[in-house]
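In case you want the letters, here they are:
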Amino acid sequence: MSKPGQLVLVALRKMIASGELAAGARLMEIPTAELFGVSRMPVRMAFRTLEQEGLLVRFGGRGFQVRSVSADDIAGAVEVRGVLEGLAARQTAERGLSQAARDTLQHCLHEGDQLFEKGFVTEEDLEAYHDLNMRFHQVIVEGSHNPAIADALARNDHLPFASVTALAVDRHDLAREYRRFNYAHMQHHSVYDALVNGQGARAEAIMREHANATLRYAETFGVATTAERMKVILPSP
């Protein structure tokens, strides 16, 4: 996805999670593109992604509507992801990591170390973390050699905030986001240590706990006006 599309996606995801875009709110391409100062294509791609994530549903064939989502819905979907990824981690540890998988995980850890070692993060850092985080999780799922896990995760990913790709970032408070994502990165180190040492039960427990890092959206997102949000999440014109 293009950078404008990614900016729109993250902004809309955050506005839905915070309640600024309430359940039932209707979204159309042209008004949304005008709001964000972008063309219709980035908005269209963002809408499709949010539909896949279970946050939007099609409305009348011409637009989308924000899906009604409760805290219990999010918690349940994330808990299922934790169970599935925990199982993948246990089976990967028991089977043993291939050299290619080990190299990829080490590279992800090194990239993350470089992002967080300076003691703060920028928006670009969090975009980079999003990419390495996806690779890290994908290697673990693939390492289980259990296609049923990948299939179950693909179905669960259509539920709100269940997908590992559905990271929502509060650009209003990057200091807090640094603490949150740095902690998640430390969990990556711990699960890698469990994997390379064949500690299946430990790897499973860490991955299940790791999933819970996405559960506190309500606390993470403060209340701000749309104008204030636009100053934070959009580039200067």
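Every value quoted in this text rests on a predicted model; they were computed, and no experiment measured them.

### Concerning the overall build of the protein
And then number 1: In terms of regular secondary structure, the protein is built from 11 helices and 3 strands.
And then number 2: Tracing the protein from N to C terminus, the helices and strands come up as α-β-α-α-β-β-α-α-α-α-α-α-α-α.
And then number 3: Counting every position in the protein, which comprises 237 residues, the buried fraction comes to 46%.
And then number 4: Partitioning the contacts of the protein with sequence separation of at least 6, the portion at a separation of at least 24 is 76%.

### Quick look at the packing of aromatic side chains
And then number 1: Counted by the stated rule, this structure contains 4 aromatic pairs.
And then number 2: Ring-pair connections join several aromatic residues into one group, and the members of that group are Phe 116, Tyr 129, Tyr 178 and Phe 181.
And then number 3: The cationic tip of Lys 118 hangs over the ring face of Phe 120; the distance from NZ or CZ to the ring centre is 5.2 Å.

### Points about helix H8 (residues 174-196)
Spacing of three or four residues puts side chains on the same side of an α-helix, whose turn is 3.6 residues.
And then number 1: Between its first and last C-alpha atoms H8 spans 33 Å; for 23 residues at 1.5 Å apiece the expected length is 33 Å, and the two agree.
And then number 2: Within H8 the residues assigned to the buried category are Glu 177, Tyr 178, Arg 180, Phe 181, Ala 184, His 185, Gln 187, His 188, Val 191, Tyr 192, Ala 194 and Leu 195.
And then number 3: After H8 finishes, the residue Gly 198 shows a positive phi value of roughly 65 degrees.

### Side note on the confidence of the model for the protein
And then number 1: On average, the protein scores 84 in pLDDT, and the residues at 70 or more come to 87%.
And then number 2: The least confident element of the protein is helix H11 (residues 226-233), whose mean pLDDT is 33; the most confident is helix H5 (residues 99-116), at 97.
And then number 3: Every residue in residues 217-237 scores below 50 in pLDDT, and together they form 43 contacts with partners more than four places removed in sequence or on other chains.

### As for the side chain of Ser 144
And then number 1: Turning to its location among the elements, Ser 144 is positioned in the loop between helix H6 (123-143) and helix H7 (147-156).
And then number 2: Setting aside anything within four residues of it in sequence, one finds Ser 144 in contact with Ala 88, Gln 91, Thr 92, Arg 95 and Ile 149.

### Notes on the nonpolar core
And then number 1: Counting residues in each nonpolar core, the largest one holds 33 residues, and the members touching the most others are Ile 140, Val 191 and Leu 195.
And then number 2: If sequence neighbours within four positions are ignored, Val 191 has contacts with Phe 136, Ile 140, Ala 203, Ile 206 and Met 207.
And then number 3: Counting residues in hydrophobic clusters, the runner-up holds 18 residues, among them Leu 9, Leu 21, Ala 33 and Val 43.

### Quick look at the sheet that holds strand S2 (residues 56-59)
And then number 1: Strand order across the open sheet formed by 3 strands is S1-S3-S2, with antiparallel pairing between neighbours. At either margin of the open sheet sits one strand with a lone partner, and together these are strand S1 (26-27) and S2.
And then number 2: Two elements, S1 and strand S3 (residues 63-66), share 2 bridges in a ladder whose sense is antiparallel. From the neighbouring strand, Leu 27 faces S3, where its bridge partner is Phe 64.
And then number 3: Across the sheet, helix H3 (residues 40-52) touches S1, S2 and S3, and the angle it forms with S2 is around 115 degrees.

### What to know about the pattern of salt bridges
Think of it this way: side chains of opposite charge can pair up when their charged atoms draw near.
And then number 1: For the coordinates displayed, the defined rule picks out 12 salt bridges.
And then number 2: Here Glu 51 makes a salt bridge to Arg 58, at a shortest N to O gap of 3.2 Å.
And then number 3: Here Arg 81 and Glu 85 are joined by a salt bridge, their closest N and O atoms 3.3 Å apart. Here Arg 81 pairs with Glu 85, and both are found in helix H4 (residues 71-95), just 4 residues apart, close to one helical turn.
And then number 4: Accessibility expressed as a relative area gives 3% for Arg 81, which makes it buried.
And then number 5: What makes Glu 85 buried here is its relative accessible area of 3%.
And then number 6: Each member of the salt-bridge network shares a partner with another, and the members are Glu 29, Arg 40 and Arg 44.

Procedures and definitions
Residues numbered from 1 in each chain as written. Predicted model: local features only at pLDDT ≥ 70, side-chain atom pairs only at ≥ 80, totals over all residues. Heavy atoms only, no water. Helix = DSSP H or I, 4+ residues; strand = E, 2+ residues; numbered from the N terminus. Buried < 20%, exposed > 50% of the residue type's maximum accessible area, 1.4 Å probe, protein only. Contact = heavy atoms within 4.5 Å. Phe/Tyr/Trp six-rings, centres within 6.5 Å; stacked < 30°, edge-to-face > 60°. Lys NZ or Arg CZ within 6 Å of the ring centre and 35° of its normal. Expected span 1.5 Å × (residues − 1). pLDDT = per-residue confidence, 0-100. Core = buried A, V, L, I, M, F, W, Y, C linked by side-chain atoms within 4.5 Å. Pairing = 2+ DSSP bridges. Axes fitted to C-alpha atoms, helices over the stretch in contact; angles between N-to-C directions. Salt bridge = Lys/Arg side-chain N within 4 Å of Asp/Glu carboxyl O.

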